[in-house]
Amino acid sequence: MNDLRALFEECSAEPIIIAGPCSAESREQVLATARGVADAGVKIYRAGVWKPRTKPGSFEGRGAEALAWLHEVKESLGLKVVTEVATPEHLDEALCAGVDGVWIGARTTTNPFATQQIADALRGVDTAVIVKNPVIPDVDLWIGAIERIYNSGVRRLAAVHRGFGTHETTPYRNAPHWSVPIELHRRIPTLTILSDPSHIGGRRDMVAQLAQQALDIGFAGLMIESHVQPDRALSDAKQQVTPVALGEMLSTLRMHRTPATDDALADYRLHIDTIDSRIIELLSERMGVACEIGEYKREHGMAIVQHDRYNDLLLAAEARAEMMSLSRTFIHQIFSAIHEESVRQQIKIGEGSEKKV
Ligand code: PEP
Ligand code: MN
């Protein structure tokens, strides 16, 4: 895939920012939000017209009538407009309404039959196509969807990382599993990959931090949900930010001008950054369990430090480390620090309950 052009000719400069509401709800909301994001410097406007909803009975989008509002945004503000398509019929209607690009949502990417139908309908069409990651963290499934679209002749192609569904309790709506988009980048280095911090975080207070993380990792840009009245949004209300907040965020994000793709060292660092993120997530998960154990010990009148257990834990970690060519001393130091922090957290639980008494 080395003949990929920029997604949109005007937007070859990185980072590419796509922003707009989760759903097009009314003409007024679509136009007012578009004016706001344009003021924030955004050039590509997104809005879902057909919404794939997890629960039946939720707002499913305004359908074809909303395409006319997107057309108005394009004509009056000069923004490029993109919307989600899930069937060949959606694609036909969206193209007839003059959209500049379409995205394939996570649920559709998960289903090769559905993706193939859209790919077939894209044959001979010159449009930009954005493929969101599948709901499950399966890089081959994601690449398969991208290949289907590529094989139909589309060359203005990008991927969006929007996180992955999980049954585990995490701070995210969709766990990022950064290693998956990084593997995608390793396998198709010429592909433009954006990140969608709105669907990853699921909460507006997480968007800026996740956006920065994505830019630091080396993503080519961001897709962010923005709505003039986020709290009144008919879908994904919790994760949308106002255009003003979006503008502030974009002005404070550290943008990296050097594309990581040109630099082997940047690729190694990208890999290291993902591993570090995983380490931090695992440590946070471990501390969560330690706190639960702390509660249990307190309820059962047990001491926080059980010396035999601590000793066994250290010896087992050192032995495993040695088998994996890591120094025993190094692992001893790390596990002592982890254990110390875990004890500190458990002491805090005890202090908290004493104060309550
Ligand atoms: C969206 O972008 O609003 C959307 C439905 O995204 P996803 O397919 O990533 O859930
Ligand atoms: Mn959404």
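Not measured: the values here are computed from a predicted model.

(A) Spatial organisation of helix H12 (residues 307-323). With 17 residues, H12 extends 25 Å from end C-alpha to end C-alpha; this agrees with the ideal 24 Å at 1.5 Å per step. Phi turns positive one or two residues past the end of H12, at Ser325, with a value near 60°.

(B) Structural context of the pattern of salt bridges. For the structure on display, the rule yields 16 salt bridges. Residue Asp100 is joined to Lys74 by a salt bridge in which the shortest nitrogen-to-oxygen separation is 2.8 Å. Of this pair, Asp100 sits in the loop between helix H3 (88-96) and strand E4 (101-104) while Lys74 sits in helix H2 (residues 64-77); the two residues are 26 residues apart in sequence, bridging distant segments of the chain. Note on Asp100: relative accessible area 13%, which makes it buried. Taking the shortest distance from any N to any O, the salt bridge between Arg344 and Glu341 comes out at 2.9 Å. One end of the pair is Arg344 and the other is Glu341, both in helix H13 (residues 328-356) and three residues apart, which spans about a single turn. Among the residues examined, Arg344 registers a relative accessible area of 43% and is labelled partly exposed. Connected through shared salt-bridge partners, Asp140, Glu183, Arg186 and Arg187 make up one network.

(C) View of the coordination of the manganese ion (ligand 2). Looking at the manganese ion (ligand 2), the protein donor atoms are Cys22 (SG), His199 (NE2), Glu225 (OE) and Asp236 (OD), and they sit 2.1 to 2.4 Å from it. In the primary sequence, the donor residues of the manganese ion (ligand 2) line up as C-x176-H-x25-E-x10-D. In this pair, Cys22 sits in the loop between strand E1 (16-20) and helix H1 (27-39) while Asp236 sits in the loop between strand E8 (221-225) and helix H10 (243-252), placing the two residues 214 residues apart along the sequence. With respect to class, Cys22 is no different from Asp236; both count as buried.

(D) Region of the structure containing the domain arrangement of the protein chain. Splitting the protein chain by domain gives domain 1 (4-252) and domain 2 (263-356). If you average the C-alpha positions of domain 1 and of domain 2, the two centres end up 37 Å apart. Residue-level contacts link ten residues of domain 1 with seven residues of domain 2. Both sides of the domain 1 and domain 2 interface together cover about 660 Å² of buried area, and 60% of this is carbon and sulfur. Looking only at domain 1, the three residues that lose the most surface to domain 2 are Ile182, His185 and Ile217, adding up to 53% of its buried area. For the pair domain 1 and domain 2, the number of links is zero salt bridges.

Each value, and the rule that gives it
Residues numbered from 1 in each chain as written. Chains lettered and ligands numbered in written order. Predicted model: local features only at pLDDT ≥ 70, side-chain atom pairs only at ≥ 80, totals over all residues. Heavy atoms only, no water. Helix = DSSP H or I, 4+ residues; strand = E, 2+ residues; numbered from the N terminus. Expected span 1.5 Å × (residues − 1). Salt bridge = Lys/Arg side-chain N within 4 Å of Asp/Glu carboxyl O. Buried < 20%, exposed > 50% of the residue type's maximum accessible area, 1.4 Å probe, protein only. Donors = N, O, S within 2.8 Å, 3.2 Å for Na, K, Ca; no water. Domains from an automatic or database assignment. Contact = heavy atoms within 4.5 Å. Buried area = accessible area lost by both parts, 1.4 Å probe.

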